[in-house]
Amino acid sequence: MSDDCVRARTDGRTGHLTLDRPRALNALTRPMVNRIDEVLTRWEHDPAVESVLLSGAGERGLCAGGDIRMIYEDVRAGGTASDTFWRDEYRLNARIARYPKPYIALMDGIVMGGGVGVSGHGSVRIVTERSRVAMPETAIGFVPDVGGTYLLGRAPGELGTHLALTGSAVGAADALLCGLADHYVPAGRLPALVGDLARDPVAEVLPRHTAQAPAGELAARREWIDHCYAARTVEEIVDRLFAVGLPEAKETADTLLSRSPTALKVTLAAIRRARELGSLERVLEQEYRVSSAALTSPDLVEGIRAQVIDKDRDPHWSPATLAGVGDEYVAQFFAPLGGAELTFG
(Lines give C-alpha, C1' and ligand atoms only; values in the text may rest on other atoms or scores of the structure.)
Protein backbone atom coordinates (compact mmCIF):
# COMPACT_ATOMS: atom_id res chain seq x y z
CA MET A 1 0.00 0.00 0.00
CA SER A 2 1.49 3.31 -1.09
CA ASP A 3 1.53 6.41 1.06
CA ASP A 4 -0.16 8.09 -1.91
CA CYS A 5 -3.36 7.29 -0.05
CA VAL A 6 -2.69 10.41 2.03
CA ARG A 7 -2.67 13.67 0.09
CA ALA A 8 -0.94 16.70 1.59
CA ARG A 9 -1.15 20.28 0.35
CA THR A 10 -1.13 23.79 1.74
CA ASP A 11 -3.68 26.49 1.12
CA GLY A 12 -2.82 29.85 2.61
CA ARG A 13 -2.17 29.45 6.30
CA THR A 14 -3.56 25.87 6.47
CA GLY A 15 -2.01 22.50 5.73
CA HIS A 16 -4.54 19.96 4.38
CA LEU A 17 -4.27 16.23 4.98
CA THR A 18 -6.76 14.10 3.03
CA LEU A 19 -7.19 10.38 3.59
CA ASP A 20 -7.63 9.07 0.05
CA ARG A 21 -8.88 5.48 -0.05
CA PRO A 22 -12.56 6.18 -0.70
CA ARG A 23 -13.34 2.65 -1.94
CA ALA A 24 -12.14 1.34 1.44
CA LEU A 25 -13.80 4.22 3.29
CA ASN A 26 -10.32 5.62 3.86
CA ALA A 27 -9.30 2.74 6.11
CA LEU A 28 -5.84 3.29 7.57
CA THR A 29 -2.71 1.32 6.72
CA ARG A 30 0.75 1.59 8.21
CA PRO A 31 2.12 3.58 5.23
CA MET A 32 -0.76 6.04 5.65
CA VAL A 33 -0.05 6.43 9.37
CA ASN A 34 3.64 7.03 8.68
CA ARG A 35 2.84 9.50 5.91
CA ILE A 36 0.63 11.53 8.25
CA ASP A 37 3.38 11.54 10.88
CA GLU A 38 5.98 12.64 8.32
CA VAL A 39 3.83 15.54 7.10
CA LEU A 40 2.98 16.64 10.64
CA THR A 41 6.71 16.77 11.39
CA ARG A 42 7.36 18.98 8.39
CA TRP A 43 4.46 21.33 9.06
CA GLU A 44 5.24 21.60 12.77
CA HIS A 45 8.46 23.38 11.85
CA ASP A 46 7.03 25.40 8.94
CA PRO A 47 6.01 28.88 10.13
CA ALA A 48 3.84 29.33 7.04
CA VAL A 49 1.54 26.52 8.22
CA GLU A 50 -0.52 27.85 11.11
CA SER A 51 -3.02 24.98 11.39
CA VAL A 52 -3.63 21.46 10.06
CA LEU A 53 -6.92 20.27 8.59
CA LEU A 54 -7.79 16.55 8.28
CA SER A 55 -10.55 15.31 5.96
CA GLY A 56 -11.52 12.17 4.06
CA ALA A 57 -11.94 11.67 0.33
CA GLY A 58 -15.27 10.54 -1.08
CA GLU A 59 -18.84 11.05 0.10
CA ARG A 60 -19.12 8.42 2.81
CA GLY A 61 -16.93 9.60 5.65
CA LEU A 62 -13.60 10.52 7.16
CA CYS A 63 -12.33 7.03 8.00
CA ALA A 64 -13.89 3.65 8.85
CA GLY A 65 -10.90 2.59 10.97
CA GLY A 66 -7.80 0.49 10.50
CA ASP A 67 -7.54 -1.96 7.64
CA ILE A 68 -8.89 -5.02 9.45
CA ARG A 69 -8.52 -7.25 6.40
CA MET A 70 -4.80 -6.72 6.77
CA ILE A 71 -5.00 -7.68 10.44
CA TYR A 72 -7.00 -10.81 9.58
CA GLU A 73 -4.45 -11.93 6.99
CA ASP A 74 -1.52 -11.12 9.27
CA VAL A 75 -2.90 -13.10 12.22
CA ARG A 76 -3.72 -16.12 10.05
CA ALA A 77 -0.20 -16.04 8.63
CA GLY A 78 1.36 -15.75 12.10
CA GLY A 79 2.96 -12.41 11.23
CA THR A 80 3.88 -9.36 13.27
CA ALA A 81 2.58 -6.60 10.99
CA SER A 82 -0.41 -5.87 13.23
CA ASP A 83 1.76 -5.15 16.27
CA THR A 84 3.97 -2.87 14.20
CA PHE A 85 0.99 -1.06 12.73
CA TRP A 86 -0.55 -0.46 16.15
CA ARG A 87 2.75 0.75 17.60
CA ASP A 88 3.03 3.43 14.88
CA GLU A 89 -0.68 4.25 14.97
CA TYR A 90 -0.88 4.74 18.73
CA ARG A 91 2.19 6.96 18.72
CA LEU A 92 0.52 9.06 16.02
CA ASN A 93 -2.64 9.31 18.15
CA ALA A 94 -0.59 10.66 21.04
CA ARG A 95 1.23 13.07 18.76
CA ILE A 96 -2.03 14.47 17.42
CA ALA A 97 -3.19 15.12 20.99
CA ARG A 98 0.00 17.09 21.75
CA TYR A 99 0.38 18.81 18.37
CA PRO A 100 1.50 22.41 18.96
CA LYS A 101 -0.66 23.91 16.19
CA PRO A 102 -4.44 23.73 15.80
CA TYR A 103 -5.35 20.31 14.42
CA ILE A 104 -8.81 20.47 12.88
CA ALA A 105 -10.63 17.22 12.08
CA LEU A 106 -13.66 17.25 9.79
CA MET A 107 -15.57 14.29 11.26
CA ASP A 108 -18.13 14.26 8.47
CA GLY A 109 -19.87 10.97 7.68
CA ILE A 110 -18.52 7.69 9.06
CA VAL A 111 -15.79 8.04 11.71
CA MET A 112 -15.03 4.75 13.39
CA GLY A 113 -12.19 3.00 15.20
CA GLY A 114 -8.89 4.27 13.83
CA GLY A 115 -10.81 7.18 12.30
CA VAL A 116 -11.57 8.33 15.84
CA GLY A 117 -7.88 7.93 16.64
CA VAL A 118 -6.79 10.43 13.99
CA SER A 119 -9.61 12.88 14.74
CA GLY A 120 -10.86 12.53 18.29
CA HIS A 121 -7.57 13.63 19.85
CA GLY A 122 -7.37 16.79 17.76
CA SER A 123 -7.77 20.26 19.25
CA VAL A 124 -10.73 21.17 16.99
CA ARG A 125 -13.17 18.34 16.18
CA ILE A 126 -16.06 19.20 13.87
CA VAL A 127 -19.14 17.03 13.31
CA THR A 128 -22.01 17.45 10.86
CA GLU A 129 -25.55 16.14 10.48
CA ARG A 130 -24.01 13.24 8.52
CA SER A 131 -21.57 12.18 11.25
CA ARG A 132 -21.72 8.63 12.60
CA VAL A 133 -19.04 8.24 15.25
CA ALA A 134 -18.30 4.88 16.86
CA MET A 135 -15.80 2.54 18.44
CA PRO A 136 -17.36 -0.72 17.12
CA GLU A 137 -14.62 -3.15 18.12
CA THR A 138 -16.62 -5.54 20.33
CA ALA A 139 -18.58 -6.61 17.23
CA ILE A 140 -15.37 -8.10 15.77
CA GLY A 141 -14.05 -9.62 18.99
CA PHE A 142 -11.72 -6.71 19.68
CA VAL A 143 -11.46 -3.91 22.25
CA PRO A 144 -11.60 -0.12 21.68
CA ASP A 145 -8.09 1.17 21.02
CA VAL A 146 -6.40 4.26 19.42
CA GLY A 147 -7.08 6.06 22.71
CA GLY A 148 -10.76 5.15 22.52
CA THR A 149 -10.87 3.90 26.10
CA TYR A 150 -9.31 7.22 27.16
CA LEU A 151 -11.96 9.28 25.35
CA LEU A 152 -14.91 7.11 26.33
CA GLY A 153 -13.67 6.77 29.90
CA ARG A 154 -13.96 10.56 30.23
CA ALA A 155 -17.50 10.80 28.85
CA PRO A 156 -20.24 11.93 31.28
CA GLY A 157 -21.56 9.25 33.61
CA GLU A 158 -21.56 5.83 31.99
CA LEU A 159 -22.23 7.00 28.43
CA GLY A 160 -18.72 6.00 27.38
CA THR A 161 -19.12 2.53 28.85
CA HIS A 162 -22.37 2.14 26.91
CA LEU A 163 -20.73 3.15 23.63
CA ALA A 164 -17.64 1.03 24.24
CA LEU A 165 -19.55 -2.16 25.02
CA THR A 166 -22.27 -1.86 22.38
CA GLY A 167 -20.11 -0.28 19.67
CA SER A 168 -23.10 1.90 18.78
CA ALA A 169 -22.62 4.83 16.40
CA VAL A 170 -23.77 8.28 17.50
CA GLY A 171 -24.66 11.41 15.63
CA ALA A 172 -23.44 14.96 16.08
CA ALA A 173 -25.27 15.94 19.27
CA ASP A 174 -24.35 12.75 21.09
CA ALA A 175 -20.72 12.99 19.95
CA LEU A 176 -20.63 16.49 21.42
CA LEU A 177 -22.29 15.30 24.63
CA CYS A 178 -19.76 12.48 25.04
CA GLY A 179 -16.75 14.71 24.41
CA LEU A 180 -15.86 13.08 21.10
CA ALA A 181 -16.31 16.36 19.22
CA ASP A 182 -16.29 20.10 19.91
CA HIS A 183 -18.32 21.88 17.21
CA TYR A 184 -21.26 21.27 14.91
CA VAL A 185 -21.10 22.68 11.39
CA PRO A 186 -23.76 21.84 8.77
CA ALA A 187 -22.16 19.79 5.99
CA GLY A 188 -23.14 22.34 3.39
CA ARG A 189 -20.97 24.93 5.13
CA LEU A 190 -17.78 22.89 5.18
CA PRO A 191 -16.43 24.25 1.86
CA ALA A 192 -16.87 27.82 3.11
CA LEU A 193 -15.23 26.94 6.43
CA VAL A 194 -12.25 25.38 4.64
CA GLY A 195 -11.93 28.43 2.42
CA ASP A 196 -11.98 30.78 5.39
CA LEU A 197 -9.30 28.76 7.19
CA ALA A 198 -6.89 29.54 4.36
CA ARG A 199 -7.16 33.24 5.17
CA ASP A 200 -8.07 33.66 8.83
CA PRO A 201 -7.19 32.19 12.24
CA VAL A 202 -9.21 29.22 13.46
CA ALA A 203 -10.67 31.16 16.40
CA GLU A 204 -12.13 33.72 14.02
CA VAL A 205 -13.44 31.21 11.49
CA LEU A 206 -15.33 28.80 13.74
CA PRO A 207 -18.00 31.25 15.01
CA ARG A 208 -18.97 32.06 11.42
CA HIS A 209 -19.96 28.49 10.64
CA THR A 210 -20.91 26.64 13.83
CA ALA A 211 -24.57 26.01 14.67
CA GLN A 212 -26.79 24.10 17.08
CA ALA A 213 -26.68 20.37 16.39
CA PRO A 214 -29.94 18.48 15.80
CA ALA A 215 -31.19 16.72 18.93
CA GLY A 216 -29.52 13.46 19.90
CA GLU A 217 -30.73 10.41 21.84
CA LEU A 218 -28.37 9.82 24.74
CA ALA A 219 -29.30 12.76 26.97
CA ALA A 220 -32.82 11.38 27.41
CA ARG A 221 -31.40 7.92 28.20
CA ARG A 222 -28.83 8.99 30.78
CA GLU A 223 -30.83 7.78 33.78
CA TRP A 224 -31.05 4.12 32.78
CA ILE A 225 -27.65 4.08 31.09
CA ASP A 226 -25.91 5.42 34.20
CA HIS A 227 -27.79 3.01 36.44
CA CYS A 228 -27.23 -0.10 34.36
CA TYR A 229 -23.60 0.41 33.42
CA ALA A 230 -22.57 1.24 36.96
CA ALA A 231 -22.93 -2.46 37.75
CA ARG A 232 -19.78 -4.33 38.69
CA THR A 233 -19.77 -6.95 35.90
CA VAL A 234 -21.03 -7.33 32.35
CA GLU A 235 -23.48 -9.99 33.54
CA GLU A 236 -24.94 -7.55 36.06
CA ILE A 237 -25.14 -4.82 33.40
CA VAL A 238 -27.14 -7.14 31.14
CA ASP A 239 -29.44 -8.13 34.02
CA ARG A 240 -30.10 -4.48 34.87
CA LEU A 241 -30.83 -3.63 31.23
CA PHE A 242 -33.45 -6.36 31.03
CA ALA A 243 -34.92 -5.34 34.40
CA VAL A 244 -35.38 -1.66 33.47
CA GLY A 245 -38.45 -2.53 31.43
CA LEU A 246 -37.76 -0.13 28.55
CA PRO A 247 -37.68 -1.35 24.94
CA GLU A 248 -34.46 0.52 24.19
CA ALA A 249 -32.78 -1.00 27.26
CA LYS A 250 -33.86 -4.52 26.25
CA GLU A 251 -32.57 -3.88 22.73
CA THR A 252 -29.26 -2.81 24.23
CA ALA A 253 -29.06 -5.99 26.30
CA ASP A 254 -29.72 -8.08 23.19
CA THR A 255 -26.96 -6.19 21.40
CA LEU A 256 -24.50 -6.93 24.19
CA LEU A 257 -25.38 -10.62 24.10
CA SER A 258 -24.49 -10.69 20.40
CA ARG A 259 -20.99 -9.32 21.03
CA SER A 260 -17.87 -11.28 21.88
CA PRO A 261 -18.11 -12.20 25.58
CA THR A 262 -14.34 -11.91 25.91
CA ALA A 263 -14.27 -8.50 24.21
CA LEU A 264 -17.07 -7.24 26.47
CA LYS A 265 -15.31 -8.22 29.68
CA VAL A 266 -11.92 -6.94 28.59
CA THR A 267 -13.48 -3.69 27.35
CA LEU A 268 -15.24 -3.06 30.66
CA ALA A 269 -11.98 -3.63 32.53
CA ALA A 270 -10.07 -1.43 30.07
CA ILE A 271 -12.48 1.50 30.39
CA ARG A 272 -12.38 1.37 34.18
CA ARG A 273 -8.61 1.03 34.31
CA ALA A 274 -8.23 3.90 31.82
CA ARG A 275 -10.04 6.25 34.18
CA GLU A 276 -7.33 5.67 36.76
CA LEU A 277 -4.32 5.91 34.45
CA GLY A 278 -4.43 9.66 33.89
CA SER A 279 -2.65 10.54 30.65
CA LEU A 280 -3.48 9.46 27.12
CA GLU A 281 -0.01 7.95 26.76
CA ARG A 282 -0.49 5.64 29.74
CA VAL A 283 -3.86 4.53 28.34
CA LEU A 284 -2.34 3.86 24.91
CA GLU A 285 0.33 1.75 26.57
CA GLN A 286 -2.43 -0.30 28.17
CA GLU A 287 -4.33 -0.54 24.90
CA TYR A 288 -1.21 -1.85 23.17
CA ARG A 289 -0.97 -4.69 25.69
CA VAL A 290 -4.64 -5.51 25.18
CA SER A 291 -4.40 -5.33 21.39
CA SER A 292 -1.33 -7.56 21.33
CA ALA A 293 -3.07 -10.11 23.53
CA ALA A 294 -6.15 -10.01 21.29
CA LEU A 295 -4.02 -11.34 18.44
CA THR A 296 -3.82 -14.66 20.30
CA SER A 297 -7.56 -14.76 21.04
CA PRO A 298 -9.76 -16.70 18.60
CA ASP A 299 -12.47 -14.05 18.67
CA LEU A 300 -10.61 -11.37 16.70
CA VAL A 301 -10.08 -13.53 13.62
CA GLU A 302 -13.57 -14.99 13.93
CA GLY A 303 -15.17 -11.57 14.31
CA ILE A 304 -13.42 -10.14 11.25
CA ARG A 305 -14.31 -13.26 9.28
CA ALA A 306 -18.00 -12.96 10.13
CA GLN A 307 -18.28 -9.22 9.60
CA VAL A 308 -15.87 -8.50 6.75
CA ILE A 309 -14.53 -11.63 5.04
CA ASP A 310 -17.50 -14.00 4.72
CA LYS A 311 -20.06 -11.38 5.81
CA ASP A 312 -22.39 -14.02 7.25
CA ARG A 313 -22.80 -11.92 10.42
CA ASP A 314 -22.75 -15.14 12.42
CA PRO A 315 -19.62 -15.19 14.59
CA HIS A 316 -18.95 -18.21 16.79
CA TRP A 317 -17.31 -16.76 19.88
CA SER A 318 -14.98 -18.76 22.13
CA PRO A 319 -15.83 -18.80 24.98
CA ALA A 320 -19.42 -18.53 23.78
CA THR A 321 -20.91 -17.09 26.97
CA LEU A 322 -20.09 -14.43 29.52
CA ALA A 323 -19.97 -17.08 32.23
CA GLY A 324 -17.18 -18.80 30.33
CA VAL A 325 -14.87 -15.77 30.52
CA GLY A 326 -13.15 -15.82 33.90
CA ASP A 327 -11.33 -13.03 35.68
CA GLU A 328 -7.94 -14.73 35.23
CA TYR A 329 -8.44 -14.87 31.47
CA VAL A 330 -9.36 -11.19 31.37
CA ALA A 331 -6.29 -10.30 33.44
CA GLN A 332 -4.03 -11.91 30.83
CA PHE A 333 -4.94 -9.15 28.36
CA PHE A 334 -3.35 -6.58 30.68
CA ALA A 335 -0.16 -8.51 31.44
CA PRO A 336 3.13 -6.65 30.77
CA LEU A 337 4.82 -7.40 27.45
CA GLY A 338 8.35 -7.07 28.75
CA GLY A 339 10.71 -5.64 26.14
CA ALA A 340 7.86 -5.45 23.60
CA GLU A 341 6.00 -2.70 25.47
CA LEU A 342 4.85 0.47 23.73
CA THR A 343 6.52 3.42 25.46
CA PHE A 344 6.47 7.18 25.08
CA GLY A 345 9.40 8.00 27.35
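Residues numbered from 1 in each chain as written. Predicted model: local features only at pLDDT ≥ 70, side-chain atom pairs only at ≥ 80, totals over all residues. Heavy atoms only, no water.

### Here's the deal with the overall build of the chain
Link 1 in the chain: Per the secondary structure count, the chain includes 16 helices and 9 strands.
Link 2 in the chain: The C-alpha radius of gyration computed for the chain amounts to 20 Å, which stays within 12% of the reference 20 Å derived for 345 residues, consistent with globular compactness.
Link 3 in the chain: When the backbone C-alpha atoms are referred to their principal axes, the chain occupies close to 60 × 45 × 40 Å.
Link 4 in the chain: Counting all 345 residues of the chain, 55% fall into the buried class.
Link 5 in the chain: As displayed, the chain has an accessible area near 14100 Å², and 50% of this comes from carbon and sulfur atoms.
Link 6 in the chain: Computed over 38 positive and 47 negative side-chain charges, the inter-centroid distance for the chain is 2 Å. (Helix = DSSP H or I, 4+ residues; strand = E, 2+ residues; numbered from the N terminus. Rg over C-alpha atoms; globule rule 2.2 N^0.38 Å. Buried < 20%, exposed > 50% of the residue type's maximum accessible area, 1.4 Å probe, protein only. Areas by Shrake-Rupley, 256 points an atom, 1.4 Å probe, with all protein chains shown as cover. Lys, Arg positive; Asp, Glu negative; His and termini not counted. Charge placed at Lys NZ, Arg CZ, Asp CG, Glu CD.)

### Re the nonpolar core
Link 1 in the chain: Within the largest apolar cluster, 92 residues are counted, with the highest numbers of intra-cluster contacts made by Leu 17, Leu 19, Leu 40, Val 133 and Leu 241.
Link 2 in the chain: Residues Leu 53, Val 185, Leu 190 and Leu 193 belong to the second largest nonpolar core, which totals 13 residues. (Core = buried A, V, L, I, M, F, W, Y, C linked by side-chain atoms within 4.5 Å.)

### A few points about the sheet that holds strand β5 (residues 103-107)
Link 1 in the chain: Pairing in this open sheet of 6 strands is mixed, and the strands run β1-β2-β3-β5-β7-β9 from one edge to the other. Bordering the open sheet on either side are β1 (6-11) and β9 (183-184), each of which pairs with just one other strand.
Link 2 in the chain: Where strand β7 (residues 124-127) lies against β9, 2 bridges are found, and the strand directions are parallel. If you follow Ile 126 over to β9, its bridge partner there is His 183.
Link 3 in the chain: Packing of helix α8 (residues 190-197) onto the sheet brings it into contact with β2 (14-19), β3 (51-56), β5 and β7, and relative to β5 it is tilted by some 170°.
Link 4 in the chain: Strand contacts of helix α9 (residues 202-209): β3, β5, β7 and β9, with the helix running at about 20° to β7, the strand carrying the most contacts. (Pairing = 2+ DSSP bridges. Contact = heavy atoms within 4.5 Å. Axes fitted to C-alpha atoms, helices over the stretch in contact; angles between N-to-C directions.)

### Overview of unusual backbone geometry
Trans is the common state for peptide bonds, and a negative phi is the common state for residues other than glycine.
Link 1 in the chain: Cis rather than trans, the peptide bond between Ser 318 and Pro 319 has omega equal to 0°.
Link 2 in the chain: When you line up the elements, Pro 319 lands in the loop between α15 (298-309) and α16 (327-332).
Link 3 in the chain: The phi torsion at Leu 25 lies on the positive side, around 50°, for a residue other than glycine.
Link 4 in the chain: Considering the arrangement of structural elements, one finds Leu 25 in the loop between β2 and α1 (30-44).

### What about the packing of aromatic side chains?
Link 1 in the chain: Scanning the entire structure with this criterion turns up 3 aromatic pairs.
Link 2 in the chain: Both rings, one in Trp 86 and one in Phe 142, keep their centres 5.4 Å apart while their planes meet at 15°; by these two values the pair is stacked. Residue Trp 86 is located in helix α3 (residues 81-97), and its partner Phe 142 is located in the loop between β8 (132-134) and α5 (148-153); the two are separated by 56 residues in the primary sequence.
Link 3 in the chain: Its relative accessible area of 2% is what places Trp 86 among the buried residues.
Link 4 in the chain: Seen in terms of ring centroids, Tyr 90 and Tyr 288 are 6.3 Å apart; in terms of plane orientation they differ by 90°. Their pairing is edge-to-face. (Phe/Tyr/Trp six-rings, centres within 6.5 Å; stacked < 30°, edge-to-face > 60°.)

Nothing here speaks to function; it is all geometry.
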